[in-house]
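Breakdown of the fold
Next come the chains, spelled out residue by residue.
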Amino acid sequence: MSGSEDARSRARRDALLRMLLWPKRRRLAAATALALLENVCGLVPPLLIAAAIDRGVPAAVDGRWAPLIGYTAAALATGLATASVKYCFLRYSGRIAQDLLFELRHRAFAQVMGQPLAFHEAYPSGRVVARLSSDVESVEEMLEMGLDGLFSALFSMVGILAVMLWLDQPMAAVVIALFVPLYALTRWFRHRSRRAYRGTRTAVEGVVQHTVEAYNGVRAVQAFRREEANARRLDGLDARYAVARADAGLVSAVFSGGVKLIGNLSLVGLLTLGVLRIDQGHLALGTLTAFLLYVHRLYDPIDELASFANAFSAASAGLEKIGALFVRHPAVAEPERPAALPADPPGGRGAVRFEGVHFGYGQAARPVLSGVDLALEPGRTVALVGTTGAGKSTIAKLVARLYDPTAGRVTLDGVDLRELADAELRGAVSMITQEAFLFSGSVADNIALGRPDASRAEIRAAAEAVGAHGFVSALPDGYDTDVHKRGTGLSAGQRQLIAMARVMLTSPRVLILDEATSSMDTSSERAVHEALTRVLAGRTAVIIAHRLSTVAVADRVLVIEDGAVVEDGPPTRLLEGGGRFAGMHRGWLAATTA
Ligand SMILES: Nc1ncnc2c1ncn2[C@@H]1O[C@H](COP(=O)(O)OP(=O)(O)OP(=O)(O)O)[C@@H](O)[C@H]1O
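Rules of the game
- Residues numbered from 1 in each chain as written.
- Predicted model: local features only at pLDDT ≥ 70, side-chain atom pairs only at ≥ 80, totals over all residues.
- Heavy atoms only, no water.
- Helix = DSSP H or I, 4+ residues; strand = E, 2+ residues; numbered from the N terminus.
- Expected span 1.5 Å × (residues − 1).
- Buried < 20%, exposed > 50% of the residue type's maximum accessible area, 1.4 Å probe, protein only.
- Domains from an automatic or database assignment.
- Pairing = 2+ DSSP bridges.
- Axes fitted to C-alpha atoms, helices over the stretch in contact; angles between N-to-C directions.
- Contact = heavy atoms within 4.5 Å.
- Core = buried A, V, L, I, M, F, W, Y, C linked by side-chain atoms within 4.5 Å.
- UniProt positions renumbered as here; feature names shortened; annotations may be inferred.
- Near = heavy atom within 4 Å.
- Polar contact = N/O pair within 3.5 Å; in protein donor to acceptor, adjacent residues only side chain to side chain.
- Areas by Shrake-Rupley, 256 points an atom, 1.4 Å probe, with all protein chains shown as cover.
- Nonpolar A, V, L, I, M, F, W, Y, C, P; charged D, E, K, R; others polar.
- Patch = residues over 30% accessible without salt bridge, like charges linked within 9 Å, V, L, I, M, F, W, Y side chains within 5 Å.
- Salt bridge = Lys/Arg side-chain N within 4 Å of Asp/Glu carboxyl O.
- Phe/Tyr/Trp six-rings, centres within 6.5 Å; stacked < 30°, edge-to-face > 60°.
- Lys NZ or Arg CZ within 6 Å of the ring centre and 35° of its normal.
- Disulfide = S-S within 2.5 Å.

The next thing to look at is helix α16 (residues 492-506). What sets the pattern is the α-helix's 3.6 residues per turn: residues three or four places apart point alike. Over its 15 residues, α16 extends 22 Å from the first C-alpha to the last, a length consistent with the 21 Å expected when each residue adds 1.5 Å. When we look at burial in α16, the residues that qualify are Gly 493, Gln 496, Leu 497, Ile 498, Ala 499, Met 500, Ala 501, Arg 502, Val 503 and Leu 505. Directly beyond the C-terminal end of α16, a positive phi value near 45° is found at Ser 507.

Looking now at the domain arrangement of the chain. Once the domains are mapped, the chain shows domain 1 (8-325) and domain 2 (352-593). Computed from C-alpha coordinates alone, the two centres of domain 1 and domain 2 are separated by 54 Å.

Read across the sheet, six strands follow the order β6-β7-β8-β3-β9-β10 without closing on themselves; strand pairing throughout is mixed. Strands at the two margins of the open sheet, each flanked by one partner only, are β6 (429-432) and β10 (564-569). Adjacent strand axes in the sheet meet at a mean angle of 20°, parallel and antiparallel pairs treated alike. Judged from the five bridges that link them, strand β7 (residues 510-514) and strand β8 (residues 540-544) form a sheet pairing that is parallel. Bridge assignment links Asp 514 to a residue of β8, and that residue is Ile 544. Set on the sheet, helix α11 (residues 392-399) makes contact with β3 (381-386), β6, β7, β8 and β9 (556-561); between it and β3 the angle comes to about 145°. On top of the sheet, α16 reaches β6 and β7; it is set at about 175° to β6, its chief contact.

Reading across from one edge, β2-β1-β4-β5 is the order of the four strands in this open sheet, with antiparallel pairing throughout. What marks the edges here is a single partner per strand, and that holds for β2 (367-376) and β5 (415-416).

With that settled, the discussion passes to the nonpolar core. Counting 45 residues, the largest nonpolar core has Val 385, Ile 447, Ile 459, Met 500, Val 551, Val 557 and Phe 581 as its most contacted members. The biggest single contributor to this core is α16, with seven residues. In this structure, Ile 459 is in contact with Ala 444, Ile 447, Ala 448, Ala 454, Tyr 479 and Leu 505, ignoring residues within four places of it in sequence. Core analysis: the next-biggest nonpolar cluster, separate from the first, contains 36 residues, Ile 160, Tyr 294, Leu 298 and Ala 309 among them.

Here we take up the UniProt feature "transmembrane region" (unreviewed entry) in the chain. Mapped onto this numbering, the UniProt entry gives "transmembrane region" (unreviewed entry) at residues 28-53, 65-85, 147-166 and 172-189. Between the first and last C-alpha atoms of residues 65-85 the distance is 30 Å; the span itself is 95% helix and 0% strand. When the span residues 172-189 is considered, its composition is 94% helix and 0% strand, and the gap between its end C-alpha atoms is 25 Å.

Quick look at the site of the ligand now. In the neighbourhood of the ligand, 14 residues make up the surrounding shell, with Glu 121, Thr 388, Lys 392, Ser 393 and Thr 394 lying closest. Taking Thr 388, its side chain carries an N or O atom lying 2.5 Å from an oxygen atom of the ligand. In the complex, the protein chains occlude 64% of the 630 Å² of accessible area that the ligand would expose alone. Grouping the amino acids of the shell around the ligand by side-chain chemistry returns three nonpolar, seven polar and four charged.

With six of its six residues buried, β3 lies for the most part within the structure. Where burial is concerned, the two faces of β3 agree: the one with Thr 381, Ala 383 and Val 385 and the one with Val 382, Leu 384 and Gly 386 are both buried. Looking at chain direction, β3 and β8 are connected through four bridges and run parallel. Bridge assignment links Leu 384 to a residue of β8, and that residue is Ile 544. In terms of strand pairing, β3 meets β9 through five bridges, oriented parallel. Its bridge partner being in β9, Leu 384 is matched across the sheet by Leu 558.

Moving on, we come to the pairing of strand β1 (residues 352-360). On a regular strand, each side chain points to the face opposite its neighbour's, so the side chains alternate between the two faces of the sheet. For β1 and β2, the ladder comprises seven bridges, and the chain directions are antiparallel. When the bridges of β2 are listed, Val 352 appears paired with Leu 376. As defined by bridge partners, β1 adjoins strand β4 (residues 407-412) across five bridges and the pair is classed as antiparallel. Looking at β4, one finds that His 358 is bridged to Ala 407.

On the surface, Trp 188, Leu 250 and Val 254 cluster together to form a nonpolar patch covering roughly 270 Å² of accessible area. Mapped onto the elements, Val 254 comes out in helix α9 (residues 227-279).

This paragraph deals with the pattern of salt bridges. Side chains that differ in sign of charge can pair as their charged atoms come close. Under the criterion given, the structure shown has 28 salt bridges. A salt bridge links Arg 131 to Glu 205; its shortest N-O distance comes to 2.6 Å. Placement of Arg 131 in helix α5 (residues 125-167) and of Glu 205 in helix α7 (residues 179-216) is noted, with a sequence separation of 74 residues between them. Two residues, Arg 451 and Glu 458, come together in a salt bridge whose shortest N-O distance is 3.0 Å. Residue classification places Glu 458 among the partly exposed positions, given a relative accessible area of 32%.

Attention now goes to the packing of aromatic side chains. Throughout the structure, instances matching the rule amount to four aromatic pairs. Ring centres of Phe 359 and Tyr 361 lie 5.0 Å apart, and the angle between their planes is 80°; this geometry places the pair in the edge-to-face category. The class of Phe 359 is buried, set by a relative accessible area of 4%. On the accessibility criterion, Tyr 361 (28% relative accessible area) is partly exposed. One aromatic cluster is present, formed by Phe 359, Tyr 361 and Tyr 403 through successive ring pairs. Directly above the ring of Trp 22 sits Arg 25, whose terminal nitrogen or CZ lies 4.1 Å from the centroid.

With respect to the helices and strands, Leu 402 occurs in the loop between α11 and β4. Separated by 91 residues in sequence, Leu 402 and Ala 311 have C-alpha atoms that sit 40 Å apart. With sequence-adjacent residues up to four places away left out, Leu 402 is seen in contact with Leu 117, Val 332, Lys 397, Arg 426 and Met 431.

In total, this model carries zero disulfides according to the counting rule given. Not engaged in a disulfide, the cysteine Cys 41 finds its nearest cysteine sulfur in Cys 88; these two sulfurs lie 11 Å apart. Take Cys 88: its relative accessible area is 38%, and that puts it in the partly exposed class.

Take a look at the structure:
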C-alpha cells in the first residue's frame, strides 16, 4: 500500500469511528466512569493487605485481634465492591458494543444498497459480502473482548504507578525503568501488527469472494467441470489466509511473550531491591508484599492490553476495509427541488425522449453513445435489437436513470429525469431484469415488492392479469408459499410471470424489460408472451430483445449498432425493407429451424 493510500484508508477508518462513537459519547463517558471506579476499588486490597501484615499481624501476636480482623474485613468488602462494579461495567459496555455493531452493520448495509449501479458493477459482490461479514466480525471481536481489557489496563496502570510512587520511590523507579523496553516493544507491535492484520483481512476477503463467486456461478462451474479447479483455488486462498494468520499470530506471540518477560524481570528486580531495602530498614515487609501484588496486577492488564491491541489491529484493518464502502461514487444525485411529472400530459403518459445523449462508463472509457436523439411514443412498445455490446442495455439503463448522460438529456413526459425525485422516478419507470429475481419471503410479498401496502385481492388480481394465478394457487401454500423453501422450485417462466405481476401492481408509465436469454420450453414461452402482451397494453415499453420472436409484440424496432440507431420502424416494414433487421431475422430463422 502506498503512503498516500495508507493515509487515505486510515482517514476513512477514523471518520467511520467518529461517526459511530460520537453519538454514543455520553454512554461511553458513563462506561469510563464505571471502569475508573472499578480500578480505584481494585487498588485498595493490596494496601489493606500491607497494613494487615505490618500492623495487624504484630498486634495479633500481642493478643489484639481487632486490627487484623478489621483490615481483613475491609479487604473483603472492597473485593466485593470491585466485583459488583465490574459486573455493572461489563453489562453496560456489552450493551454499548452491541449497539455500535448494530449501527455499523446498518450503516454499511444501507450504504451498499444506496450506492449507484456504477459501484455495484465495479465492486465484486464477494468483496461486499466479506466487508459486511468477516470485517464486521473483526470489529465485533474487538468490542466483545477488548473494551474491558482496554479500560482496566489504562486505569489500573496509571493508578498502580501512582500508588507505587507514593509507597516507595526507589522501588517504583525499578518498575518505571522497565517501561522503556515495554514502550519500544509496543511501538514495534503497533507497526508490525497493522501490516499483519491488513494481510489477514485481504486474505480472508479473497476466500469469501471466491466462495461467493463459485456459489453464484455454480451452474457454470458444473457445466464446465470446474469443481476440482475451484476447490484447488480455494485451497490456495485458504493457504494464503493461513500464512497471514500465522504471521499475525507470530507478532502477537512475540509481544505477549515480551510483556511477560518484562513483567518477570520487574518481579526479580523488585524482590532484590526490596530485600536490600528491608535489610537497610527503609521498607516494611508488608509494603514489599503490596509491591509484588501490584506488579502482578500491573502486568496482567498489560497482557489484556496486548489482547486488545491484537483485536484492535484486526478491527482497525476491518474498519479500513469497511470505510472503503463509504467512499462516494459519482452517483445519480437527487435533485434539490424535484419537479413533478404531469398527471395528464397531452398525447398520454410515458413519452420518453433522448436529446443529444452522450454517454460512457467512466471518464477514461470509450463513449458508448455519441449524440443519440430518440422519441418513444406513449403506450407503444419498442424493441431494441443489435449485436452484443451495441449499447442496448446502456440505453435502457439511461431510461431507468441508473446512470446520467455525460451530455444531453433524457426526459419523461417532458421532465428531465435528473429533476425527478428518486421515489417518483422509481414509481414511474420499472424494470424487469433477465433473472427476474425473487427475494426471500412469500409469493405474495414478491408480487407486492413495489407496493407493500397492496391488499391480497389486488395481489391476486395482478397475478390473474398475467396468468400467474393458476400455478400460484397450485403451490403448497398458495400465495403464502415461501419462494426459497426447498421444493418450491419455480421455473424461469414462472419467475418471469411473478415479475410481471409485480409490474401490473405498480403500474409504471414506462416498463423496461431485459428479456431472459435462457430459452424456455414452448408452453412457458407462450405463457410469458401472453402475460407480456397484457402487461404492455397501454404502457410505454422498451424491450431488450435477445430472441427475435419477442419482436412480434413490438410496435417498433430500433436496430442499435455501435451506440447509434441504424434502423427504425415497425417490424413488418423493416422485414420488407431487406436491411439489417431483415438480415438478422433471416439468420435467426435459419438457426431456429435448423
Ligand atoms: N458497467 C460497465 N462498465 C464499463 N463498460 C460497460 C459496462 N456495461 C457495458 N459496458 C460497455 O458498453 C458497451 C455497450 O454495452 P451494453 O451492455 O449496452 O450492450 P448490449 O447491446 O446491451 O449488449 P448485450 O446484447 O451483450 O447485452 C460495451 O462495449 C460494453 O463493454
